[in-house]
Amino acid sequence: MPSLPITESNESPSLIGKVAIITGASRGIGAGIALDLARRGAKVAITYASSSSTPLVTDLINRIDSLTKAPVDSLSPAAIGIRADLRDPASPAKIIAHTIAAFGQTIDILVNNAGITNFTPLEDVTHETVNSVYDTNVRAAIFLTQAVLPHLPSRGGRIVNIGSGASRGGYMNCSLYCASKAALEGLTRCWAVEFGLRGVTVNQVNPGFVKTDMMKESSDETIEMVSRATPVDNRDGLVEDIAPIVAWLVGEESRWISGQVIAASGGYQMY
Ligand SMILES: NC(=O)c1ccc[n+]([C@@H]2O[C@H](COP(=O)([O-])OP(=O)(O)OC[C@H]3O[C@@H](n4cnc5c(N)ncnc54)[C@H](OP(=O)(O)O)[C@@H]3O)[C@@H](O)[C@H]2O)c1
C-alpha cells in the first residue's frame, strides 16, 4: 500500500478515544482508512477474509503501532486484526466479540468497506453469483450494522458505507455489482433516518476508480478512458484520496451531515 503523507492534518488527534471497525481493511481502500483513522487517534479493528491476507494485516498493525502516538489507554492495543468472512452469517457476532474484548463495550465508528466486484452477463448469472455479491456487499453491511447498534455511544456514533460510483451508472456485464452498491445507498438513507435521534450519522462514500487490486479487474481501456475523463488531474484515484474523506465523516465536525452519498472521484461522477 502506498504510504500516506504525514501532514499536520493527518496527525490531528481528532479521533482519540474512539473505537472503529473497518471491514475489508487488509488492503486497498480499507487499509488506507484504518491507517488514517488510527493516525488520528482511533483504535481500529481491521477485518478481512483470506488467510493469505494475514501477513498484510500483521504489517498494517505494526505500521499503526509505530506511527501512532503512545496509546491513550496502554492496556489495549492500537489495532487488532479479525479474520471473518462476511458471507458467513456468524461473522458479525465474531467481529463484535473480538472488538469489545480488545477495546471495551463502546464502538463509535463502523466503516462497511469490504466488497467484491463482479462482471457476469445476465444470461450467465446464477443464484450462487447473486448470493456471493449480495452477501458480501449488502447483507454483511446490514447484519454488521445491526450487531454494532447496541454498542454505539449514547450520542455521536458514525456509520460510513463504501459504495461505488457504479451504483449510478450503467456498465457492461456489471449489473450485480452496480445494483448491490445502489442497494447500499438505500440502506444509507433509511438508516440515517432510523438512527438520527440517537445522534448517529450514516453516510456513504462512492469512490470512482481507485488504484487497488480491485481496479485491476477492469480493462486497461476502461481505466484509461475514465482517467482521461476525470476533471481533477486526469488521473485514477488513490487510497489517499478516499481515506481522509471517511476520516472527516466519522469525526465531530461532520455531525450535521447524514444520509448523504458523496462521490469521491475527482469529479468524474458529479451528483
Ligand atoms: N478500487 C476501486 O476502484 C473501487 C471503486 C469504487 C468502489 N470501491 C469499493 O471500495 C471498497 C474497497 O475496495 P478495494 O478496491 O479496496 O478492494 P480490494 O483491494 O479488493 O480489497 C477488498 C477487501 O475486502 C475484503 N473482503 C473481500 N471479500 C470479503 C468477504 N467475503 N468477507 C470479508 N472481507 C472481504 C478483502 O479481504 P481479503 O484481503 O482477506 O480478501 C479486502 O480486505 C469495496 O466496497 C469496493 O466495492 C472500490
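Each remark here, short or long, concerns the structure printed above.
Only a predicted model underlies this, so the values are computations on that prediction, with no experimental measurement involved.

Trainee: What is the right way to read the state of the cysteines from this model?
Mentor: Each disulfide is one covalent bond, formed between the sulfur atoms of two cysteines. Under the defined criterion, the tally for this structure stands at zero disulfides. A disulfide-free cysteine, C178 has its sulfur positioned 3.9 Å from the sulfur of C174, the nearest such atom.

Trainee: I keep staring at the pairing of strand β4 (residues 109-112) and nothing clicks. Help me out?
Mentor: As a general feature of sheets, a regular strand has side chains that alternate between the two faces. By the alternation rule, side chains of β4 split into I109 and V111 and L110 and N112, which are all buried. Relative to β4, strand β1 (residues 19-22) runs parallel, the two sharing three bridges. Within β4, the position partnered with A20 by the bridge is I109. The pairing of β4 with strand β5 (residues 158-162) spans four bridges and is parallel. From the neighbouring strand, N112 faces β5, where its bridge partner is N161. Crossover connection from β4 via helix α5 (residues 127-148) to parallel β5: handedness right-handed.

Trainee: Could you clarify how one ought to interpret the sheet that holds strand β7 (residues 261-264) in this entry?
Mentor: Strand order in the open sheet made by the seven strands is β3-β2-β1-β4-β5-β6-β7, with parallel pairing throughout. The sheet terminates laterally at β3 (79-83) and β7, the two strands that pair on one side only. On average, each strand axis in the sheet is inclined to that of its neighbour by 20°, with strand direction left out of account. Where β5 meets strand β6 (residues 201-207), five bridges bridge the pair, whose relative direction is parallel.

Trainee: For this particular structure, what's the right way to read the site of the ligand?
Mentor: As a structural note, the neighbourhood of the ligand is formed by 31 residues, with S26, S50, S53, Y177 and T212 the closest of them. Backbone polar atom of I29 to an oxygen atom of the ligand: 2.8 Å apart, as the coordinates give it. Y177 is positioned with one of its side-chain polar atoms (N or O) 2.6 Å from an oxygen atom of the ligand. The fraction of the free accessible surface of the ligand (900 Å²) that becomes covered by protein chains is 95%. Listed by contribution, the elements that provide at least two residues to the shell around the ligand are α2 (28-39) and α6 (175-195). The residue inventory of the shell around the ligand, partitioned by class, reads 14 nonpolar, twelve polar and five charged.

Trainee: I'm lost on the nonpolar core in this one. Help?
Mentor: For soluble globular proteins, the rule of thumb is that nonpolar side chains tend to be buried together. Grouped together as the largest cluster of nonpolar side chains are 35 residues, with contacts concentrated most on I22, I33, L37, V44, I46, I64 and V246. Put simply, the parts of the chain that give this core at least two residues each are β1, α2, β2 (43-48), α3 (54-67), β4, β5 and α8 (239-249). Of the residues forming this core, the biggest block, seven residues, is contributed by α2. With sequence-adjacent residues up to four places away left out, V246 is seen in contact with I33, V111, V160, I162 and V205.

Trainee: Explain unusual backbone geometry to me, please; I cannot follow it from the model alone.
Mentor: Leaving glycine out, the prevailing phi sign among residues is negative, and the prevailing peptide bond configuration is trans. Residues other than glycine seldom take positive phi values, yet N173 does so here, at roughly 60°. You can see N173 is positioned in the loop between β5 and α6. The phi angle at N234 is positive, at roughly 45°, despite the residue not being glycine. With respect to the helices, strands and loops of the structure, N234 is situated in the loop between α7 (220-228) and α8.

About the criteria used
Residues numbered from 1 in each chain as written. Predicted model: local features only at pLDDT ≥ 70, side-chain atom pairs only at ≥ 80, totals over all residues. Heavy atoms only, no water. Disulfide = S-S within 2.5 Å. Buried < 20%, exposed > 50% of the residue type's maximum accessible area, 1.4 Å probe, protein only. Helix = DSSP H or I, 4+ residues; strand = E, 2+ residues; numbered from the N terminus. Pairing = 2+ DSSP bridges. Right-handed = clockwise from strand over helix to strand, strands pointing away. Axes fitted to C-alpha atoms, helices over the stretch in contact; angles between N-to-C directions. Near = heavy atom within 4 Å. Polar contact = N/O pair within 3.5 Å; in protein donor to acceptor, adjacent residues only side chain to side chain. Areas by Shrake-Rupley, 256 points an atom, 1.4 Å probe, with all protein chains shown as cover. Nonpolar A, V, L, I, M, F, W, Y, C, P; charged D, E, K, R; others polar. Core = buried A, V, L, I, M, F, W, Y, C linked by side-chain atoms within 4.5 Å. Contact = heavy atoms within 4.5 Å.

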